[in-house]
Every structure is written in C-alpha cells, then in structure tokens.
Amino acid sequence: MQLSFAPLVKATAPAVVNVYAARQVATRSPFAGDPFFEQFFGRQFGGGSPRIQSSLGSGVIVDPSGIVVTNNHVIKDADDIKVALSDGREFESRILLKDETTDLAILKIDAKEAFPILALGNSDDVEVGDLVLAIGNPFGVGQTVTSGIVSAQSRTRVGISDFDFFIQTDAAINPGNSGGGLIDMRGQLIGINTAIFSRSGGSIGIGFAIPSNMVRAVVETARKGGKSFQRPFIGATFQSVTPDVAESLGLQQPYGALITALNDGGPAEKAGLNVGDLILSVEGVRVDNPDVLAYRISTAGIGNTVKLNVLSGSQQREVPVTLAKPPETVAAKTQIIEGDNPLAGAEIADLTPETTGEFRLPRTARGVVVTGVYRNSPAVRLNLRRGDIIRRVNGVEISGVANLTEVLSAGTSLLWRFEFERNGAIIRQYIR
C-alpha cells in the first residue's frame, strides 16, 4: 500500500492560480521643490517618470465562470491584474469586490470558458488535527504544495486585520502563498491562506487562513453585484468575560460576549436583549469572546434570524434575533491636522457607526478617531497611532473634527495636555 497526496493534488491544484498585480507609482526627484533647480530647469525637472510596482500572490477559482478568491492586500491599488493557471495560460481579470476588513478580494477572469474549481467546504466541520494541504506560489518559484494539520480553530486576537477569526495550520505558508487554498482531505476549500507568524519572513509552522464560511459570504455578495461586503447589524456592543465576571455570573469558565450597550431600536433591543445579558452561543455553537460572535453574525447574513443562547441573571433563554442592514450614516468628516501643534500630521475623522465599526471601537466612544499618521510629523513623535481616540485636549472634551480644530487653534505652545484612548486604556500626555 502506498500512501500519497498525489491524487488529491491532481484533482485540486488546477483550481489554484497565480495572481499578478501591477500599479504605476510616481517617482520624485531629490531636486523636487528646490527653488534653485526649479528656477533654471523648470518644475518638470523635479518630477520623475512613473515606475511599475508589482506584487505576486495566489488565488482560488470557486466558480466555473472564472470567479477567483484572493487576498485584498495582493491586489490593493492595482491598475492591472493577471491570473495565471497551473497549465501556464494567463488571463486579464477585473475586480468584482474587495474588502479590506476581511482582507478578501473577488476577481473575474475575462474569458468565456469553463474553469476548474475548488468547492467550498464547511469550515465549521474542521477539527484540530485534521490533515490539510496548502497550495500556492511561495516566493514566486511556481505552484507548490505543502502538507500539515489544523493546529487550532477559531483563532482570534491575531492582529492580522480587522477580521479576527482564523484557522491556524502548520502547513508551510510563505510570501506569495497569500490568497492560496487550504484544502481538506475531501478536496474541498476550507480556508484562504492569509498570513504567517514569523520573525525571519519564512514559515515557522504558524500560518493563518480565513475560514471558507466567511469566504462563501463574501463570494455570494459579489455574485449579487455587491461592490463591498456589508456585515449584518445586531445593534449592540460587547466585551469579553474576565475570570472575575465569570465567577460573579456563576460560570465555571470565562467565555461569552457580555452586552455593554444597545442601539435604540436595533435588532438586539427589539428581540428583548438587555445590557448585562451574556451571549453564550449562536445556533448552538459556543461563543468564546466577542470576535467569535462577530464572525458568526457576519456569516449568518443580513435578513436572517439567528438563535442566541443568553444568560440573563441566573436564567438561560433562547432569543431569536433577526439581523438587519447597517443603518445609513452620513460619511464621516475627515481632516489632516496642520499648524504648530503636537497633533500636526495626524488624519482624523468623526466617530460614526461606520468608523467605530471599521476600527472596532466601542459604540459609546466619544471624541475623534485617528485614521492615519504621516511620517516624521509631530503626531508621530507624540506616539499617536491609527485607531486611537482623541478624547480631550487642554481639558476640553472633544466632540468632533470641527471642535478639535477650534481647540487646537486656541491652544498655547507653552503646555499641551492630551487624553487618548487606545484599546480601552486611557493615556494622558503633557507636552511643553
């Protein structure tokens, strides 16, 4: 008897493709902005010719018409995307949908023929110890197959992206594998390889894949013509359960998602949920923390009803909640802070349901959120980071972008007092 993955590889490898993305990047001459050279040679002297920047990743065909799943970071800002099949053929492709928070992108091959596919499996059936194959194009050497096992399920708090629910595997995943397939022994796609934990840049046996059930939800959105993936709205804010809270609730283990705030008229409030209720499971699947709950809600879909097992006081009850479309909101006002102040160089935005969701902030947060920080700016020296909430400046509570700019304009250069919020912790700084 000969044990081999060869039959499985032959059946699945043709559906795994290479993705080549290219974009034009403007170059800048070191003499740009120099008044002497611009006076004698003109402003065109300071500009450089654009150069082509390319990236390489992998993808998986999930529909015979040529629908390809890959990672958003593989094709981000690309002007031209090509898909190369394992038989050497190359095709132009276009973007149907891209979602930065899940790091998924859906492409469509520009060709009218039937392509080999990988069927989407049920990632909820995956168990720790299952054998898996990872197929992709590491380091651009060509299609490569590696084997391993599922090291962990429901891996959260990885810090890879805003989406935080992964399958962990020890199958070798290296740069260029991003967007490739994690395949079970039935030849089904159970995950999209996304990232690795490594200090050297190479695989050390800790890789992460986006579960296929999340991939399925995003693919279905693209099939229906959606340009972005909308997460269902439950209308509540949650926090993790600490050992102390678990003991006070009579739980032997700290798990679940504790409701800390409710949106007026939201699905959770309409279903009869209250602040202080603890979500123990969704459709019979245990909820370890709010990240797991967010994943279950995201894959359930807008308009569908999920059954929550809820601990209210000392009583457990089953509560059906119909998930809604996120409420329409006015686009958040964004502004870059300028002037002679310690926040100069920070890009800020009002706190809206959209920005709190994007940066995974509490719905009760007050202030403005930092959406970016320019290099070598005063804001960098203040150690300001993307996702920080600016709460107070010089003792004044910040309510929005306009309010913050007024406070900065009236500020003094002798002493600045700041209050930030980062991951729930309050940081106070004094700058002279």
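Residues numbered from 1 in each chain as written. Predicted model: local features only at pLDDT ≥ 70, side-chain atom pairs only at ≥ 80, totals over all residues. Heavy atoms only, no water.

A closer look at the overall build of the protein chain
Summing up its helical and strand segments, the protein chain has ten helices and 25 strands in all. Counting only residues that meet the buried cut, the protein chain has 47% of its 432 residues in that class. When the accessible surface of the protein chain is totalled, it reaches about 21,600 Å², and 49% of it is carbon and sulfur. (Helix = DSSP H or I, 4+ residues; strand = E, 2+ residues; numbered from the N terminus. Buried < 20%, exposed > 50% of the residue type's maximum accessible area, 1.4 Å probe, protein only. Areas by Shrake-Rupley, 256 points an atom, 1.4 Å probe, with all protein chains shown as cover.)

Looking at the side chain of Asp388
Examined against the element boundaries, Asp388 turns out to sit in the loop between helix H9 (378-381) and strand S22 (389-393). A polar atom in the side chain of Asp388 sits 2.9 Å from the backbone nitrogen of Arg385. Apart from residues lying up to four places away in sequence, Asp388 is in contact with Val368, Val369, Val370, Asn383, Glu421 and Arg422. (Polar contact = N/O pair within 3.5 Å; in protein donor to acceptor, adjacent residues only side chain to side chain. Contact = heavy atoms within 4.5 Å.)

Quick notes on helix H7 (residues 290-300)
Here H7 lies mainly inside the structure; eight of its eleven residues are buried. Residues Pro290, Asp291, Val292, Leu293, Tyr295, Arg296, Ile297 and Ser298 constitute the buried set of H7. The inward-facing, buried residues of H7 contact strand S12 (207-211), helix H4 (212-223), strand S13 (236-240), strand S14 (257-262), strand S15 (278-282) and strand S16 (285-286). Just downstream of H7 lies Gly301, where phi reads positive at about 100°.

Brief notes about a nonpolar patch on the surface
A grouping of Leu131, Ile149 and Met185 is seen on the molecular surface, where their side chains present a nonpolar patch of about 230 Å² in accessible area. Inspection of the secondary structure assignment puts Met185 in the loop between strand S10 (181-183) and strand S11 (189-196). (Patch = residues over 30% accessible without salt bridge, like charges linked within 9 Å, V, L, I, M, F, W, Y side chains within 5 Å. Salt bridge = Lys/Arg side-chain N within 4 Å of Asp/Glu carboxyl O.)

Things to note about the packing of aromatic side chains
Taken as a whole and judged by the stated rule, the model has five aromatic pairs. A centroid spacing of 5.5 Å and a plane angle of 90° characterise the contact between Phe91 and Phe115, whose relative ring orientation is edge-to-face. On the criterion of sequence distance, the pair formed by Phe91 in strand S5 (residues 90-99) and Phe115 in the loop between strand S6 (104-109) and strand S7 (131-136) is long-range, its members being 24 residues apart. Each member of the pair, Phe91 as well as Phe115, carries the same accessibility label: buried. (Phe/Tyr/Trp six-rings, centres within 6.5 Å; stacked < 30°, edge-to-face > 60°.)

As for the pattern of salt bridges
One pass over the structure, following the stated rule, counts 18 salt bridges. Put simply, Arg89 and Asp87 hold a salt bridge, and the shortest N to O gap is 3.0 Å. Classification of Arg89 as partly exposed rests on a relative accessible area of 36%. The exposure class assigned to Asp87 is exposed, which follows from its relative accessible area of 51%. The closest approach of N and O atoms between Arg223 and Glu220, which form a salt bridge, is 2.7 Å.

Observations regarding the side chain of Asp99
By the element assignment, Asp99 lies in strand S5. At 2.8 Å, the side chain of Asp99 forms a polar contact with the side chain of Thr101. Not counting chain neighbours up to four residues away, the residues in contact with Asp99 comprise Asn72, Leu104, Phe229 and Arg231.

A few points about the UniProt feature "binding site: substrate" (unreviewed entry) in the protein chain
Feature annotation in UniProt assigns "binding site: substrate" (unreviewed entry) to the following positions: His73, Asp103, Gly176, Asn177 and Ser178. Mapped onto the elements of the fold, Asn177 is located in the loop between strand S9 (166-169) and S10. Using a relative accessible area of 3% as the deciding quantity, one classes Asn177 as buried. The contacts of Asn177, once residues within four sequence positions are left out, are Ser58, Ile135, Gly136, Asn137, Pro138, Ala172 and Asn193. The topology assignment puts Ser178 in the loop between S9 and S10. (UniProt positions renumbered as here; feature names shortened; annotations may be inferred.)

Points about unusual backbone geometry
Located in the positive-phi region is Glu283, a residue other than glycine, with phi close to 50°. Relative to the elements of secondary structure, Glu283 occurs in the loop between S15 and S16. Residue classification places Glu283 among the partly exposed positions, given a relative accessible area of 46%. Residue Asn394 is not a glycine yet carries a positive backbone phi of 55°. Mapped onto the elements of the fold, Asn394 is located in the loop between S22 and strand S23 (396-397).

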